[in-house]
Amino acid sequence: MDTHETNDAAPAAANFRHQAHLDSRRRRKLALMPKYERSSKPFDCIALLLQGGGSLGAYQGGVYQALEEADIRPSWIAGISIGAINAAIIAGNPPGKRLERLRSFWERITASPLYTWPDPWFSDGAFAPNNEQFHAVFDQLSAFQALVAGAPGFFQPRVPPPWMFRPGSPEATSFYDTTALKATLESLVDFERINSKETRLSVGAVNVRTGNFTYFDTETHKIRAEHILASGALPPGFPAVEIDGEQYWDGGVVSNAPLQWVVDYEPRQSMLIFQVDLWSSRGKFPRDLTEVAIRQKEIMYSSRTRASSDRLKHLQHIRAALAMLLAALPDGVGMPNDIKQLAEFAELKVYNLVQLIYRSKPYEGNSKDYEFSRLSMGEHWRTGHADAVWALSHKEIFERPKAKAGFQAFDFGEGRLTAGAEARQIERVQL
């Protein structure tokens, strides 16, 4: 598997690795982090759910780094769009190589000259990363570059443009060519390992003809690079991907959240779920048209996540109530088939849902999901790592729910763990 970096990108790649390296304070925090005790088997399955969100997906890389450092290895990974790409890289490599391959992917697609400006430009003064005015301008420049030049190893604009191609062809139905992404995936992902089912993988896509949502799952499919491409084929930017005679688009067209697929799959399992969302359902009322566009996108791509978690919460209450009702039936009373079906539904599994949500910085605009600068990628990665380290420092997330409904949700709120503010609040909801 080739992870070769271009010479131009090497200094910036080294800088990213240095920035991602833990300092002594964070090392001490990791040393105190409670490890997941596999021997006690509090849950049948550890699931990692990765939402779509384009370039914001580097946040998920940082989250996975923290999980690996805590020796937490998901047995089921489900993703949509960029989440499917990250999921395939994790599932398609042995534990010791996963983090390296994730970094290689994100370094490769942010290796454009504008994306990798020399570090001195950002070290101090007007060009410092914490200068929000400069950062906003830089983000817009790098997003514009992605629009006109694409991202290396990911996508490139079609020349000539789509309207000059024959109707019905892939070239006529998309602005960008994703051939490079297929090559990148094949160089970083061992699909034989994925299909060995060592780690279960599910990626969501939408059938263009029927409009039906489909999950390509290692339990039912032999996963290829095309399945990952299909999950990330967001129209009209990217072309539909043909699989077994059908055309598929990005799963985010219908639902950007894999939670329902994982918790509904039979036979159900008790789960510790890490749900990594790239869009926040909560936000301020917009003040102008730019903020309207930002808020619309956040609500659109986060709503199914919220609906899925609310549905799980509701179902757990129903199952608990039904289990109590069935337990009250007199002994020796025979059960007709429909009552037996209710008993199967009432079988209570428990769920801990740990929500890790990327929350935008003030200078990030409507282009934040297609802004592929090395600077932003590093920031997103470090934010994901810090958020996950903070979550994992709370031993409550590893304990089975004690309430009757068998459900706990952990929401880590608006605050972030940063160098200047390590105190943050956790809202724990037990039902």
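Note that the coordinates shown come from a computational prediction; the quantities given were computed from them, not determined experimentally. (Residues numbered from 1 in each chain as written. Predicted model: local features only at pLDDT ≥ 70, side-chain atom pairs only at ≥ 80, totals over all residues. Heavy atoms only, no water.)

A. Geometry of the overall build of the protein. Helix and strand content of the protein: 13 helices and 12 strands. Counting the 431 residues in the protein, one finds 51% classified as buried. Taking the intrachain contacts of the protein between residues at least 6 apart in sequence as the baseline, contacts between residues at least 24 apart amount to 75%. Carbon and sulfur atoms make up 56% of the accessible area of the protein, which totals about 19,700 Å². (Helix = DSSP H or I, 4+ residues; strand = E, 2+ residues; numbered from the N terminus. Buried < 20%, exposed > 50% of the residue type's maximum accessible area, 1.4 Å probe, protein only. Contact = heavy atoms within 4.5 Å. Areas by Shrake-Rupley, 256 points an atom, 1.4 Å probe, with all protein chains shown as cover.)

B. Summary view of the packing of aromatic side chains. Under the criterion given, the structure shown has 15 aromatic pairs. Between Tyr 59 and Tyr 358, the ring centres sit 5.4 Å apart and the planes meet at 65°, which makes this aromatic pair edge-to-face. Of this pair, Tyr 59 sits in helix α3 (residues 58-69) while Tyr 358 sits in the loop between β10 (351-357) and α13 (374-392); the two residues are 299 residues apart in sequence, bridging distant segments of the chain. One exposure class covers both Tyr 59 and Tyr 358, and it is buried. Centre to centre, the rings of Tyr 176 and Phe 238 are 6.4 Å apart; their planes meet at 85°, and the pair counts as edge-to-face. Placement of Tyr 176 in strand β4 (residues 176-177) and of Phe 238 in the loop between α9 (225-231) and β7 (241-243) is noted, with a sequence separation of 62 residues between them. As far as burial versus exposure is concerned, Tyr 176 and Phe 238 are alike and both buried. Of the aromatic side chains, those joined through ring pairs into one cluster are Phe 105, Trp 106, Phe 154, Phe 155, Tyr 176, Phe 238 and Phe 372. Over the aromatic face of Tyr 265 sits the side chain of Arg 200, whose NZ or CZ is 4.0 Å from the ring centroid. A cation over a ring is seen here: Arg 319 above Phe 345, with NZ or CZ 4.8 Å from the ring centre. (Phe/Tyr/Trp six-rings, centres within 6.5 Å; stacked < 30°, edge-to-face > 60°. Lys NZ or Arg CZ within 6 Å of the ring centre and 35° of its normal.)

C. Local environment of unusual backbone geometry. Geometrically, the link from Val 159 to Pro 160 is a cis peptide bond, its omega value of 0° lying close to zero. In this chain, Pro 235 is followed by Pro 236 through a cis amide linkage whose omega measures -5°. Tracing the sequence through the fold places Pro 236 in the loop between α9 and β7. At Asp 71, a position not held by glycine, the phi torsion is positive, near 60°. With respect to the helices and strands, the residue Asp 71 is situated in the loop between α3 and β2 (76-80). Its relative accessible area of 34% is what places Asp 71 among the partly exposed residues. Phi at Ser 81 is positive, roughly 60°, even though this residue is not glycine.

D. Examining the nonpolar core more closely. One finds Phe 154, Ile 228 and Phe 274 to be the most contacted residues of the largest nonpolar core, which totals 74 residues. When residues of this core are assigned to their parent elements, the largest contribution, eight residues, is made by helix α4 (residues 82-91). What Phe 154 contacts, discounting residues up to four positions off in sequence, is Ile 82, Ile 85, Ile 109, Asp 177, Thr 178, Ala 180, Leu 181, Phe 238 and Phe 372. Counting residues in hydrophobic clusters, the runner-up holds 15 residues, among them Leu 312, Leu 353, Phe 407 and Ala 409. (Core = buried A, V, L, I, M, F, W, Y, C linked by side-chain atoms within 4.5 Å.)

E. Highlighting the packing of helix α5 (residues 95-109) against helix α7 (residues 179-188). Closest axis-to-axis distance for the α5/α7 pair is 10 Å, and the angle between their directions is 155°. On the basis of their axis angle, the class for α5 and α7 is roughly antiparallel. The handedness of the crossing between α5 and α7 is right-handed. Two secondary-structure elements touch here, α5 through Arg 101, Ser 104, Phe 105 and Arg 108 and α7 through Leu 181, Thr 184, Ser 187 and Leu 188. (Axes fitted to C-alpha atoms, helices over the stretch in contact; angles between N-to-C directions. Parallel < 35°, antiparallel > 145°, perpendicular 65-115°, else oblique. Left-handed = near helix turned anticlockwise from the far one by under 90°.)

F. Structural detail: the pairing of strand β9 (residues 271-277). With respect to burial, β9 is a largely interior element, seven of its seven residues being buried. Burial along β9 is two-sided: the residues Met 271, Ile 273, Gln 275 and Asp 277 and Leu 272, Phe 274 and Val 276 are all buried. In terms of strand pairing, strand β1 (residues 45-50) meets β9 through six bridges, oriented parallel. When the sheet's bridge partners are listed, Cys 45 is paired in β9 with Met 271. Sheet analysis places β9 next to β10, joined by seven bridges and oriented parallel. What sits directly across from Gln 275, in β10, is Gln 355. (Pairing = 2+ DSSP bridges.)

G. Here's a closer look at the environment of Ala 149. Mapped onto the elements, Ala 149 comes out in helix α6 (residues 132-149). Overall, the relative accessible area of 44% leaves Ala 149 in the partly exposed class. C-alpha of Ala 149 to C-alpha of Tyr 176: the two residues are 27 residues apart in sequence and 9.6 Å apart in space. Ignoring anything within four residues of it in the chain, the contact list for Ala 149 reads Phe 155, Gln 156 and Pro 157.

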